[in-house]
Amino acid sequence: MELKLERHPQSPLMYPNPLHQWEAMNVFNCAVTQHNGLFHMHYRAQGVDFVSRIGYAVSIDGLHWNRMTDPVLSPHQGRDDKRGVEDPRVTPLGGRFYMTYTAYGNNSFFPMIAQSDNLITWEDIGPFEKAENKDHVLFPEKINGRYAILHRRKPNIWIAYSDDLVHWDNHHVIMSPREDNEWDATSIGSNGVPIKTEQGWLLFYHGYGEEHIYRQSIALLDLNDPTKVIHRPRTNIMEPFEPWEIKGDVPNVIFSCSNNVVGDQLYFYYAGADRLIGLATAPMQAVMAFAQSGD
Ligand code: BMA
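*Asks:* Mind showing me how you'd approach the sheet that holds strand β1 (residues 6–7) here?
*Replies:* Within a beta sheet, neighbouring strands are joined by backbone hydrogen bonds and run either parallel or antiparallel to one another. Taken in spatial order, the four strands make up an open sheet running β1-β21-β20-β19, and their pairing is antiparallel. What marks the edges here is a single partner per strand, and that holds for β1 and β19 (254–262). Alignment of β1 against strand β21 (residues 276–283), held across two bridges, turns out to be antiparallel. Residue pairing for β21: E6 is matched across the bridge by T281. Set on the sheet, helix α2 (residues 284–291) makes contact with β19, β20 (265–272) and β21; between it and β21 the angle comes to about 80°.

What follows is the structure, encoded as structure tokens:
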């Protein structure tokens, strides 16, 4: 069985903004959160200084966006994140919002968790761990009474649990790259917030092989024990194809930090070649049928 996401005719939806220095070069890798009847976007932006910041935009229909003039998150004083803050994923949980993002320094990067009540002002909780790690995303509810997070210690997707979002334990590898010649043979990482379905947690993930082409697919994890991968179809659901997905700041990249259910459709926001933001869709029914077709 195959599933190919369909590019929305209005895609790409968002371009760099030459009027704002901080987002004049690239806008990409966005989290989209549905809250109070609106779509809220947090996106990675790079300006003329090539430092990454996180911008915010709001939309009524998920297609037309109004952006804030200034970023909502920038490199902080007193820590080595001079190259910026990257790849937000936003999880609504227990009446608050949590953003997982990567802080990038001159020599290394580390995975951060921040919290907000209003999606605009963010307060850091701390690093998820003091090691090179990224692609971390919180589950939208506690599992067996504990916070759960997916993360990436290269090249695998891991899971870990916590009681306070600060101390994490029970680290397990849940998915690894596949054998040579597969599209995801070198490294894999999680995308947006896993979606709870009757059949399990629907996980969106990216992967690349030797040619370094970033492609996308999905897997299903057990609801009560997400260390168990129930299905992992072999084929990918999206790969670079349009000119703006092939050429940009980094070539041949489809990267995503959000996967939303809108009505009966999947809204898969993604970035092409680390430069523009687009949208691809599919009926949720088709997504679930494909998810269950894997080994
Ligand atoms: C990853 C991150 C993403 C980026 C991707 C492809 O390591 O840096 O922000 O989109 O590489 O370049």
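Let us keep going from here.
*Asks:* Is there a simple way to explain the layout of surface pockets in this structure?
*Replies:* Which parts of space are left empty comes out when a probe the size of a water molecule is rolled across the atoms. Considering only enclosed or pocket space, the largest pocket measures out at about 550 Å³ in volume. Lining of the largest pocket is provided by 25 residues; of these, R44, E86, K134, Y214 and D274 occupy positions nearest its centre. At the level of elements, β2 (26–35), β3 (38–46), β6 (84–93), β10 (134–138) and β16 (200–208) are the ones that each hand at least two residues to the lining of the largest pocket. Reported here for the second largest pocket is a volume of approximately 280 Å³. As for the second largest pocket, its lining consists of 18 residues, of which V32, P92, V193, N259 and N260 are closest to the centre. Elements represented by at least two residues in the lining of the second largest pocket include exactly β2, β6, β15 (195–197) and β19.

*Asks:* Is there a simple way to explain the sheet that holds strand β13 (residues 168–175) in this structure?
*Replies:* With respect to topology, four strands assemble into an open sheet ordered β10-β11-β12-β13, the strand pairing being antiparallel. One side of each edge strand has no neighbouring strand; the edge strands of this open sheet are β10 and β13. On average, adjacent strands in this sheet sit at an angle of 25° to one another, irrespective of strand direction.

*Asks:* Where do I start with the pairing of β21 in this structure?
*Replies:* Looking along a regular strand, one sees side chains alternate from face to face of the sheet. With seven of eight residues buried, β21 lies mostly within the body of the structure. Across eight bridges, the pairing between β20 and β21 is antiparallel. Residue pairing in the sheet places Y269 in a bridge with L279 of β21. Hairpin remark: β20 followed by β21, antiparallel, with three residues in the connecting loop; positive phi at A273, about 50°.

*Asks:* What am I meant to see in the pattern of salt bridges here?
*Replies:* Side chains that carry opposite charge are capable of pairing whenever their charged atoms lie near each other. Counted by the stated rule, this structure contains 23 salt bridges. The salt bridge partner of D169 is R146, with a shortest N-O separation of 2.9 Å. Pair noted here: D169 is in strand β13 and R146 is in the loop between β10 and β11 (147–153), with a separation of 23 residues, a long-range link. Ionic pairing is found between D184 and R178, a salt bridge with its closest N-O pair at 2.8 Å. R178 matches D184 in its accessibility class, with the two residues each being buried. Among the charged side chains, a salt-bridge network with shared partners connects R44, E86 and D87.

About the criteria used
Residues numbered from 1 in each chain as written. Predicted model: local features only at pLDDT ≥ 70, side-chain atom pairs only at ≥ 80, totals over all residues. Heavy atoms only, no water. Pairing = 2+ DSSP bridges. Helix = DSSP H or I, 4+ residues; strand = E, 2+ residues; numbered from the N terminus. Contact = heavy atoms within 4.5 Å. Axes fitted to C-alpha atoms, helices over the stretch in contact; angles between N-to-C directions. 1 Å grid on protein atoms, 1.4 Å probe; cavity = no way out; pocket = protein on both sides within 12 Å on 5 of 7 lines; lining within 4 Å. Points joined across faces, edges and corners; volume = space filled by probe spheres on them. Buried < 20%, exposed > 50% of the residue type's maximum accessible area, 1.4 Å probe, protein only. Salt bridge = Lys/Arg side-chain N within 4 Å of Asp/Glu carboxyl O.

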